[in-house]
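Structural description and commentary
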Amino acid sequence: MSPKPTGHVSGNDLILTRTFRAPIDDVWTSVTRSESTALWFGRWEGEAGPGKTVRLQLLHEKSQPWTDVLIEECAAPHRLVVVMKDDAGAWRIELTFTQKGDETELQLLQTLSDPKLAGDVGPGWEYYLDMLVAARAGK
(Lines give C-alpha, C1' and ligand atoms only; values in the text may rest on other atoms or scores of the structure.)
Protein backbone atom coordinates (compact mmCIF):
# COMPACT_ATOMS: atom_id res chain seq x y z
CA MET A 1 0.00 0.00 0.00
CA SER A 2 1.40 3.37 -1.01
CA PRO A 3 1.32 6.23 1.49
CA LYS A 4 -1.28 8.90 0.82
CA PRO A 5 0.24 12.27 -0.13
CA THR A 6 -0.31 15.03 2.42
CA GLY A 7 0.68 17.92 0.18
CA HIS A 8 -1.44 19.91 -2.20
CA VAL A 9 -0.96 22.30 -5.08
CA SER A 10 -2.36 25.83 -5.12
CA GLY A 11 -1.59 27.51 -8.44
CA ASN A 12 2.11 26.73 -8.88
CA ASP A 13 2.75 26.34 -5.15
CA LEU A 14 3.42 22.90 -3.72
CA ILE A 15 2.47 23.00 -0.02
CA LEU A 16 3.18 20.32 2.59
CA THR A 17 2.46 20.52 6.32
CA ARG A 18 3.50 18.58 9.39
CA THR A 19 2.34 19.15 12.96
CA PHE A 20 4.49 18.42 16.01
CA ARG A 21 3.50 18.27 19.67
CA ALA A 22 6.45 20.46 20.62
CA PRO A 23 7.36 24.10 21.21
CA ILE A 24 8.17 26.18 18.15
CA ASP A 25 11.80 26.71 19.23
CA ASP A 26 12.33 22.94 19.41
CA VAL A 27 10.96 22.36 15.90
CA TRP A 28 12.98 25.32 14.60
CA THR A 29 16.15 23.71 15.99
CA SER A 30 15.34 20.43 14.21
CA VAL A 31 15.27 22.29 10.90
CA THR A 32 18.13 24.75 11.35
CA ARG A 33 20.96 23.10 13.36
CA SER A 34 23.41 21.02 11.32
CA GLU A 35 23.55 18.22 13.89
CA SER A 36 19.74 18.02 13.75
CA THR A 37 19.32 18.29 9.97
CA ALA A 38 21.93 15.54 9.56
CA LEU A 39 19.44 13.13 11.14
CA TRP A 40 16.77 13.61 8.47
CA PHE A 41 17.95 15.68 5.50
CA GLY A 42 21.65 16.40 5.47
CA ARG A 43 24.41 18.11 7.37
CA TRP A 44 25.51 21.58 6.46
CA GLU A 45 28.60 23.67 7.01
CA GLY A 46 29.47 27.33 6.82
CA GLU A 47 28.39 30.56 8.45
CA ALA A 48 24.60 30.79 8.43
CA GLY A 49 22.62 34.01 8.22
CA PRO A 50 20.48 36.06 5.86
CA GLY A 51 22.30 36.67 2.59
CA LYS A 52 24.89 33.98 3.33
CA THR A 53 25.43 30.66 1.58
CA VAL A 54 26.10 27.37 3.35
CA ARG A 55 27.02 23.99 1.87
CA LEU A 56 24.56 21.15 2.43
CA GLN A 57 25.34 17.47 1.95
CA LEU A 58 22.23 15.58 0.85
CA LEU A 59 22.77 12.37 2.80
CA HIS A 60 19.82 10.46 1.36
CA GLU A 61 20.52 11.16 -2.31
CA LYS A 62 22.61 9.05 -4.66
CA SER A 63 26.34 9.77 -4.11
CA GLN A 64 25.45 12.15 -1.23
CA PRO A 65 26.15 15.34 -3.23
CA TRP A 66 26.91 18.76 -1.78
CA THR A 67 24.79 21.72 -2.81
CA ASP A 68 24.89 25.44 -2.11
CA VAL A 69 22.05 26.87 -0.03
CA LEU A 70 21.50 30.63 -0.03
CA ILE A 71 19.65 31.83 3.06
CA GLU A 72 17.32 34.53 1.72
CA GLU A 73 15.36 35.14 4.90
CA CYS A 74 15.66 33.97 8.49
CA ALA A 75 13.18 35.21 11.09
CA ALA A 76 13.69 32.73 13.93
CA PRO A 77 11.66 30.83 14.92
CA HIS A 78 8.88 31.65 12.45
CA ARG A 79 10.20 31.77 8.90
CA LEU A 80 13.12 30.47 6.87
CA VAL A 81 13.51 30.97 3.12
CA VAL A 82 16.36 29.26 1.29
CA VAL A 83 17.40 28.69 -2.30
CA MET A 84 19.13 25.39 -2.99
CA LYS A 85 21.37 25.52 -6.05
CA ASP A 86 22.88 22.58 -7.90
CA ASP A 87 23.41 21.31 -11.44
CA ALA A 88 19.64 20.82 -11.82
CA GLY A 89 18.91 24.48 -11.12
CA ALA A 90 17.57 26.46 -8.16
CA TRP A 91 14.83 25.42 -5.73
CA ARG A 92 13.34 28.16 -3.52
CA ILE A 93 11.89 26.70 -0.32
CA GLU A 94 9.82 28.65 2.22
CA LEU A 95 9.38 27.17 5.69
CA THR A 96 6.84 28.71 8.04
CA PHE A 97 6.53 27.69 11.70
CA THR A 98 3.35 28.45 13.66
CA GLN A 99 2.73 27.72 17.35
CA LYS A 100 -0.83 26.56 18.04
CA GLY A 101 -1.28 25.74 21.72
CA ASP A 102 1.11 22.89 22.54
CA GLU A 103 1.68 22.09 18.86
CA THR A 104 3.86 23.60 16.17
CA GLU A 105 2.85 23.50 12.53
CA LEU A 106 5.58 23.43 9.91
CA GLN A 107 4.58 24.40 6.38
CA LEU A 108 6.90 23.85 3.42
CA LEU A 109 6.12 25.79 0.26
CA GLN A 110 7.92 25.46 -3.05
CA THR A 111 6.78 27.42 -6.09
CA LEU A 112 7.09 25.19 -9.15
CA SER A 113 7.66 26.37 -12.71
CA ASP A 114 4.82 24.02 -13.71
CA PRO A 115 2.24 22.55 -11.29
CA LYS A 116 2.56 19.21 -13.11
CA LEU A 117 6.01 18.87 -11.49
CA ALA A 118 4.30 18.26 -8.14
CA GLY A 119 4.04 14.57 -9.01
CA ASP A 120 7.84 14.38 -9.19
CA VAL A 121 8.82 16.88 -6.49
CA GLY A 122 6.09 16.23 -3.91
CA PRO A 123 7.05 12.63 -3.03
CA GLY A 124 10.60 13.75 -2.27
CA TRP A 125 9.42 16.39 0.18
CA GLU A 126 6.94 13.92 1.69
CA TYR A 127 9.88 11.56 2.27
CA TYR A 128 12.06 14.20 3.89
CA LEU A 129 9.28 15.54 6.12
CA ASP A 130 8.46 11.97 7.19
CA MET A 131 12.18 11.57 7.98
CA LEU A 132 11.97 14.72 10.13
CA VAL A 133 9.01 13.26 12.03
CA ALA A 134 10.90 9.97 12.52
CA ALA A 135 14.12 11.71 13.61
CA ARG A 136 12.26 13.79 16.18
CA ALA A 137 10.74 10.56 17.52
CA GLY A 138 14.18 8.99 17.80
CA LYS A 139 13.54 6.54 14.95
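In this report, the structure presented in the accompanying data block is examined. Counting starts from 1 at the beginning of each chain's written sequence and moves along it residue by residue. Note on the predicted model: pLDDT of at least 70 is required for a residue's local features to be given, and 80 or more for side-chain atom pairs to be given and counted; whole-chain, interface and lining totals, by contrast, use all residues. Each side-chain value is derived from all of the structure's non-hydrogen atoms; neither hydrogens nor water enter the calculation.

Some details on the packing of aromatic side chains
Pairs were defined over the aromatic rings of Phe, Tyr and Trp, the Trp ring being its six-membered one, requiring ring centres within 6.5 Å. Orientation was assigned from the angle between planes: stacked under 30 degrees, edge-to-face over 60, tilted for the rest. Summed over all chains, the structure comprises seven aromatic pairs. Between the aromatic rings of Y127 and Y128, the centroid separation amounts to 5.3 Å while the plane-to-plane angle is 70 degrees, which identifies the pairing as edge-to-face. Y128 gets classed as buried once you look at its relative accessible area, which sits at 6%. Feature note: the residues W40, F41, W91, W125, Y127 and Y128 constitute an aromatic cluster, connected by ring pairs. Exposure categories follow from relative accessible area, calculated using a 1.4 Å probe and restricted to protein chains: below 20% of the type maximum is buried, above 50% is exposed, and the middle band is partly exposed.

Examining the nonpolar core
In these notes, a set of buried Ala, Val, Leu, Ile, Met, Phe, Trp, Tyr and Cys residues joined through side-chain atoms within 4.5 Å is what counts as a nonpolar core. Among the nonpolar cores identified, the biggest contains 31 residues, and F41, M84, L95, F97, L106 and W125 are the most heavily contacted of them. By the criteria applied, helices consist of DSSP H or I runs no shorter than four residues and strands consist of E runs no shorter than two, each listed in order from the N terminus. Take this core: its biggest share by element is seven residues, from helix α3 (residues 118–136). Should any heavy atoms of two residues lie within 4.5 Å, those residues are considered in contact. Once residues lying within four places of it in the same chain are set aside, the contact partners of F97 are I24, V27, W28, V31, P77, H78, R79, E105 and L106.

Side note on unusual backbone geometry
Look at the link from A76 to P77: it is a cis peptide, with omega at -5 degrees. The topology assignment puts P77 in the loop between β5 (66–75) and β6 (79–86). Unusually for a residue other than glycine, S63 sits at a positive phi of about 65 degrees. Within the fold, S63 resides in the loop between β4 (53–58) and β5. S63 sits in the exposed class, given a relative accessible area of 68%. Unusually for a residue other than glycine, Q64 sits at a positive phi of about 45 degrees. As for its position among the elements, Q64 is in the loop between β4 and β5. For Q64, a relative accessible area of 36% gives the class partly exposed.

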